[in-house]
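Topology and contacts: notes
So you can see what is in the structure, the chains are spelled out below.
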Amino acid sequence: MPREQPALHALATAPSETELRATITALVGFGTRHTLSDTRSDTRGIGAARRWVKTRFEAISRDCGGCLEIVTPSQVFSGKRIPQPTEVMDVVAIKRGSTDPQRVIVITGHLDSRVSDVMNASSDAPGANDDASGVAALIEAARLLSKQDNRATLVFAALSGEEQGLYGGKVLADYAVAHGWQVEAELNNDIVGNSRGQNGVIDNTVVRVFSEGTKSNETPAQAAYRRYHGGEVDSPSRNLARTMAALADQYMPDFRVRMVYRTDRYARGGDQVPFLEAGYPAVRVTEAHEDYTRQHQDLRTQDGVRYGDTIDGIDFRYLARVTALDAITMAALSRAPAPPTGVDVHGALATDTTLDWRTVPGAAGYRVHWRDTTAPQWQHARAVGDVGHAVLQDVVIDDWFFGVSSVSADGYESPVVFPGYAGSFERSPAAKPGH
Ligand SMILES: [Zn+2]
């Protein structure tokens, strides 16, 4: 168990329902935030909504002595759901890390909204839950974390173009690559504010975290190696999900992560996907029980059922808890050292298992982890000191999955890194013989 961090306990109850409500109320007030809607009006459409988010980031930055840089990366796209070339713009606040500014922890939500017809850019599309809830979470995380120290850089991003084809996620992933960001985690918050499922089940104690099992961008040779030696359930995104689940268990009484071993919900997608395609670890955070009568619907009553994504469907207590999990995760990861690199494991035909890795700046020590090959969460751990090599006596390599984490002097721990390319958090890990 990593050391108790009072600062993380404090974040568990810090998110303000009042702040979250104010954000969603303001965003719903722009009528529609469709990607193809008006950009010039100050009261309606995606342009007004983007400028409002920028104003919020500027206000948060004023309160922390100018700690946020605000950028608006954009690209012009046309496509199946964008008939005319249209500028897709993200609104992004960056809080540089104090010691490791090149390491980056990202949270995203999408600003754009839609009704039943994905091309309808004029009808009211309140998008209170999809995805003003995610934008509210990331703005509140920015407010809370702006006052605290972060060693790695924190990025808070309100994306556009999600409903037209994940364009805003691509804009930010491209921006990250172009700026040489070492993204260690992307937490995509999309549909995080409703605790009542369409079938009537009510539960405000669980959030789902979706993670891919194997890397989107592995080569056929890497896939063949991984298929034989393991790693099919240990991508960095998956071990990021495990970190979030462990943080929820440690710091959030009566709230837990339900890990889902999938990139996204069945046959659906989100803005974490362009990050995965760029080779970055990323997960999707989504409420446990969705109500489809409230997603992508024209506002109407039909056969006694009210359709539409209106603010009365938001459970602000629940949204505050999801926001707390985001803030705890970002704080914990940004204070931990980088995950170890070059992790390798040996031990065939021996009763001991040996792990090697390259040490990382800022680490005071390392922990070696192992678990049963069918266990969802790491089960055993041993602190091994400030070294790049450890031998686990009488632990047979055949019977377990292994990993290594780095730990700071004040006890913040990185995610666990599974050996080889399959588990590496590096975007382009150095090739190793046999991997
Ligand atoms: Zn969405």
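On a predicted model such as this, the values are computed, not experimentally measured, just so you know.

It is worth spelling out the nonpolar core at this point. Residues L8, V53, F57, F156 and L319 are the most contacted members of the largest nonpolar core, which totals 69 residues. For this core, the element with the highest residue contribution is helix α10 (residues 316-335), accounting for 13 residues. Leaving out residues up to four positions away in the same chain, L319 has contacts with L20, I24, S133, A136, A137, V192, G193 and I314. Membership of the second largest hydrophobic core comes to 19 residues, among which are V106, V155, A176 and A278.

This part covers the pattern of salt bridges. If you walk through the whole model with that rule in mind, you get 25 salt bridges. Where R143 meets E140, a salt bridge forms, and the shortest distance between an N and an O atom there is 2.8 Å. Taken as a pair, R143 and E140 lie in helix α4 (residues 128-145) at a separation of 3 residues, close to a single helical turn. Among the residues examined, R143 registers a relative accessible area of 25% and is labelled partly exposed. Judged by relative accessible area, E140 falls into the buried class, the value being 2%. When the shortest N-O distance is used, the salt bridge between E413 and R367 registers 3.1 Å.

This part takes up the sheet that holds strand β15 (residues 365-372). Taken in spatial order, the 3 strands line up as β16-β15-β18 in an open sheet, and their pairing is antiparallel. The open sheet has two edge strands with one neighbour each: β16 (380-385) and β18 (400-407). Strand-to-strand twist across the sheet, computed as the mean angle between neighbouring axes with direction ignored, equals 25 degrees. Two elements, β15 and β18, share 8 bridges in a ladder whose sense is antiparallel. The residue bridging H369 from the neighbouring strand is G403, located in β18.

Here we take up the coordination of the zinc ion. Note on the zinc ion: its protein donors are H110 (NE2), D130 (OD), D190 (OD) and D190 (OD). The metal-donor distances range over 2.0 to 2.6 Å. Considering all 4 donor atoms around the zinc ion, the spread of angles at the metal, 54 to 145 degrees, places the coordination shape in the irregular class. Spacing between the donor residues of the zinc ion along the chain follows H-x19-D-x59-D. Of this pair, H110 sits in strand β5 (residues 100-110) while D130 sits in helix α4, and the two are 20 residues apart along the sequence.

So, about the pairing of strand β7 (residues 182-189). Within β7, 7 of the 8 residues are buried, which leaves it mostly tucked inside the rest of the structure. Direction of pairing for β5 relative to β7: parallel, over a ladder of 6 bridges. Residue pairing across strands places T108 opposite N188, the latter belonging to β7. Where β7 and strand β10 (residues 283-287) come together, 3 bridges link them in parallel fashion. Residue pairing across strands places L187 opposite V283, the latter belonging to β10.

Thresholds applied
- Residues numbered from 1 in each chain as written.
- Predicted model: local features only at pLDDT ≥ 70, side-chain atom pairs only at ≥ 80, totals over all residues.
- Heavy atoms only, no water.
- Core = buried A, V, L, I, M, F, W, Y, C linked by side-chain atoms within 4.5 Å.
- Buried < 20%, exposed > 50% of the residue type's maximum accessible area, 1.4 Å probe, protein only.
- Helix = DSSP H or I, 4+ residues; strand = E, 2+ residues; numbered from the N terminus.
- Contact = heavy atoms within 4.5 Å.
- Salt bridge = Lys/Arg side-chain N within 4 Å of Asp/Glu carboxyl O.
- Pairing = 2+ DSSP bridges.
- Axes fitted to C-alpha atoms, helices over the stretch in contact; angles between N-to-C directions.
- Donors = N, O, S within 2.8 Å, 3.2 Å for Na, K, Ca; no water.
- Tetrahedral: all angles 85-135°; square planar, octahedral: opposite > 155°, others 65-115°.

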